[in-house]
Amino acid sequence: MEITNVSEYEAIAKEKLPKMVYDYYASGAEDQWTLQENRNAFSRILFRPRILIDVSKIDLTTTILGFKISMPIMIAPTAMQKMAHPEGEYATARAASAAGTIMTLSSWATSSVEEVASTGPGIRFFQLYVNKDRNVVAQLVRRAERAGFKAIALTVDTPRLGRREADIKNRFTLPPFLTLKNFEGLDLGKMDESNDSGLSSYVAGQIDRSLSWKDVKWLQTITTLPILVKGVITAEDTRLAIQAGAAGIIVSNHGARQLDYVPATITALEEVVKAAQGRLPVFLDGGVRRGTDVFKALALGASGIFIGRPVVFSLAAEGEAGVRKVLQMLREEFELTMALSGCRSLKEITRDHIVTEWDRPRVAPRL
């Protein structure tokens, strides 16, 4: 079967992967309302295309934190990629580099920062969970710096792990032949089987629930890398992130894996962008499966988007070639959307190119 869009990889991944692994990647928290809403909300944004504009040349390039990349489509951190494919994060890193874009490596990767750096050149960010032991955090950040990573994406929406019922049913744990490579030799215990989700039990023992805005300041004392705050969905927290010296914000609900019944990220995006007032770049992850989704996010003020599940599903299906194809398909769809909307560069994509459900006037019912 010829793959013609990103979403088709999920069905292939479901067939190929053990149920425990597929469910871990695919599922959301509790009722999974936000999981569905992350996708559905995009369908409530329609285009207002402009016509008779010369679109014979279209420029997708952009600059993120000073780094020029080929397109505003980047790779989000997703944990334990070797569960999807033996090459795991190596394959993803090579695919991102070939596409001229950014890969974000998860703290909970099955390849270390040094191993990912060894795959060759590329612009890479490091996603950080703050451990109870601050020495472990400082060590990880310094290793990422030494390995040539260019920014820290600090995940702030996980003081506790969301209730992912599929993982509880499956008694999820990391397969015995894999380890969380960034923590090897740090005596942080192992993710063992439990009568719950093994990951949930592990996280409860490791992640610092006391994490607060002062820790964003503390991170700036141990690294010169720019810090992106990942997991912001309100104006109030946007303003606090700016006060704390964040270099950027990632509007994220953790792939709908944390608190259910929070808004879709595309719905929350504009509130965050307005509060940021152009003082720092705002990015989005969650639910992006089409080039049209990328355009809609940029029209609402995002500087770029990150994809997560499409990476692990395509990795499971076809390894590095699958991830390359996902990035290429999204690029081509996005470029086509720009052409058909009359936009030749990213700066020409404006709020006037879309109309959202929440723009339309509410008509009072006739009594």
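Note that this is a predicted model, so its numbers are computed, not measured.

A. Spotlight on helix 2 (residues 19–26). Burial within helix 2 is extensive, with 6 of its 8 residues counted as buried. Taken together, the buried positions of helix 2 are occupied by V21, Y22, D23, Y24, Y25 and A26.

B. Region of interest: the packing of helix 12 (residues 291–299) against helix 13 (residues 309–341). Taken N-terminus to C-terminus, the directions of helix 12 and helix 13 make an angle of 60°; their axes are 7 Å apart at the nearest point. Overall, the two elements helix 12 and helix 13 adopt an arrangement that is oblique. Handedness of the crossing formed by helix 12 with helix 13: right-handed. Mapping the contact onto sequence places G291, T292, V294, F295 and L298 in helix 12 and L330, E333, F334, T337, M338 and S341 in helix 13. In terms of residue class, the contact of helix 12 with helix 13 is built from 6 nonpolar, 4 polar and 1 charged.

C. Structural context of the nonpolar core. Within the largest apolar cluster, 105 residues are counted, with the highest numbers of intra-cluster contacts made by L128, I266, L269 and F334. Examining the composition of this core, we find that 13 residues originate from one element, helix 13, more than from any other. Excluding residues that lie within four positions of it along the chain, L128 makes contacts with S107, V137, L140, V141, I152, A153, L154, T155 and L219. One finds I123, A151, L228 and I250 within the second-largest nonpolar core, a separate group that totals 13 residues.

D. Structural detail: the side chain of Q258. Its location among the elements puts Q258 in the loop between strand 9 (248–251) and helix 11 (265–276). Its relative accessible area of 11% is what places Q258 among the buried residues. Separated by 3.0 Å, the side chain of Q258 and the backbone oxygen of D157 make a polar contact. A polar atom in the side chain of Q258 sits 2.7 Å from the backbone oxygen of R160. Excluding residues that lie within four positions of it along the chain, Q258 makes contacts with A29, D157, T158, R160, L161, G162, R163, R164 and N253.

E. Region of the structure containing the layout of surface pockets. In this structure, the largest pocket encloses a volume near 630 Å³. Taken together, 33 residues line the largest pocket, and the ones lying closest to its centre are Y25, H254, G255, R257 and R309. Of all the secondary-structure elements, those providing two or more residues to the lining of the largest pocket are helix 2, helix 3 (33–40), strand 11 (304–307) and helix 13. Per-class residue counts for the lining of the largest pocket are 14 nonpolar, 11 polar and 8 charged.

F. Highlighting the UniProt feature "active site" (unreviewed entry) in the protein. Per the UniProt record, "active site" (unreviewed entry) is found at H254. You can see H254 is positioned in the loop between strand 9 and helix 11. Take H254: its relative accessible area is 11%, and that puts it in the buried class. When neighbours within four sequence positions are excluded, H254 is seen to be in contact with Y129, T155, D157, T158 and R164.

G. Highlighting the pattern of salt bridges. Under the defined criterion, the tally for this structure stands at 18 salt bridges. Two residues, K19 and D23, come together in a salt bridge whose shortest N-O distance is 2.6 Å. Note that K19 and D23 are positioned in helix 2 at a spacing of 4 residues, about one turn of the helix. Among the residues examined, K19 registers a relative accessible area of 57% and is labelled exposed. A relative accessible area of 13% places D23 in the buried class. The partner of R163 in a salt bridge is E165, and the shortest N-O contact between them spans 3.7 Å. Overall, the relative accessible area of 48% leaves R163 in the partly exposed class. The class for E165 is partly exposed, based on a relative accessible area of 31%. By sharing partners, the salt bridges in this structure join E87, R94, E320 and R324 into a single network.

H. Region of interest: the environment of A147. Structurally, A147 is set in the loop between helix 6 (134–146) and strand 7 (151–155). For the pair A147 and S314, spaced 167 residues apart in sequence, the C-alpha separation works out to 26 Å. Excluding its chain neighbours within four sequence positions, the residues that come into contact with A147 are V113, E114 and A117.

I. The packing of aromatic side chains, seen in detail. In total, this model carries 8 aromatic pairs according to the counting rule given. Centroid distance Y24 to Y25: 5.7 Å. Interplanar angle 55°. Geometry classified as tilted. For the residue pair Y24 and Y25, the accessibility class agrees, reading buried in each case. By the ring-pair criterion, three or more aromatic residues cluster together here, those being Y24, Y25 and F172. A cation over a ring is seen here: R134 above W218, with NZ or CZ 5.4 Å from the ring centre. The ring of Y24 is capped by R257, whose NZ or CZ atom sits 4.7 Å from the centre of that ring.

J. Just helix 12, in detail. The buried fraction of helix 12 is high, at 8 of 9 residues. If you check which residues of helix 12 are buried, you get G291, D293, V294, F295, K296, A297, L298 and A299. Two residues or fewer past helix 12, G301 is found with a positive phi of approximately 110°.

The rules behind each value
Residues numbered from 1 in each chain as written. Predicted model: local features only at pLDDT ≥ 70, side-chain atom pairs only at ≥ 80, totals over all residues. Heavy atoms only, no water. Buried < 20%, exposed > 50% of the residue type's maximum accessible area, 1.4 Å probe, protein only. Helix = DSSP H or I, 4+ residues; strand = E, 2+ residues; numbered from the N terminus. Axes fitted to C-alpha atoms, helices over the stretch in contact; angles between N-to-C directions. Parallel < 35°, antiparallel > 145°, perpendicular 65-115°, else oblique. Left-handed = near helix turned anticlockwise from the far one by under 90°. Contact = heavy atoms within 4.5 Å. Nonpolar A, V, L, I, M, F, W, Y, C, P; charged D, E, K, R; others polar. Core = buried A, V, L, I, M, F, W, Y, C linked by side-chain atoms within 4.5 Å. Polar contact = N/O pair within 3.5 Å; in protein donor to acceptor, adjacent residues only side chain to side chain. 1 Å grid on protein atoms, 1.4 Å probe; cavity = no way out; pocket = protein on both sides within 12 Å on 5 of 7 lines; lining within 4 Å. Points joined across faces, edges and corners; volume = space filled by probe spheres on them. UniProt positions renumbered as here; feature names shortened; annotations may be inferred. Salt bridge = Lys/Arg side-chain N within 4 Å of Asp/Glu carboxyl O. Phe/Tyr/Trp six-rings, centres within 6.5 Å; stacked < 30°, edge-to-face > 60°. Lys NZ or Arg CZ within 6 Å of the ring centre and 35° of its normal.

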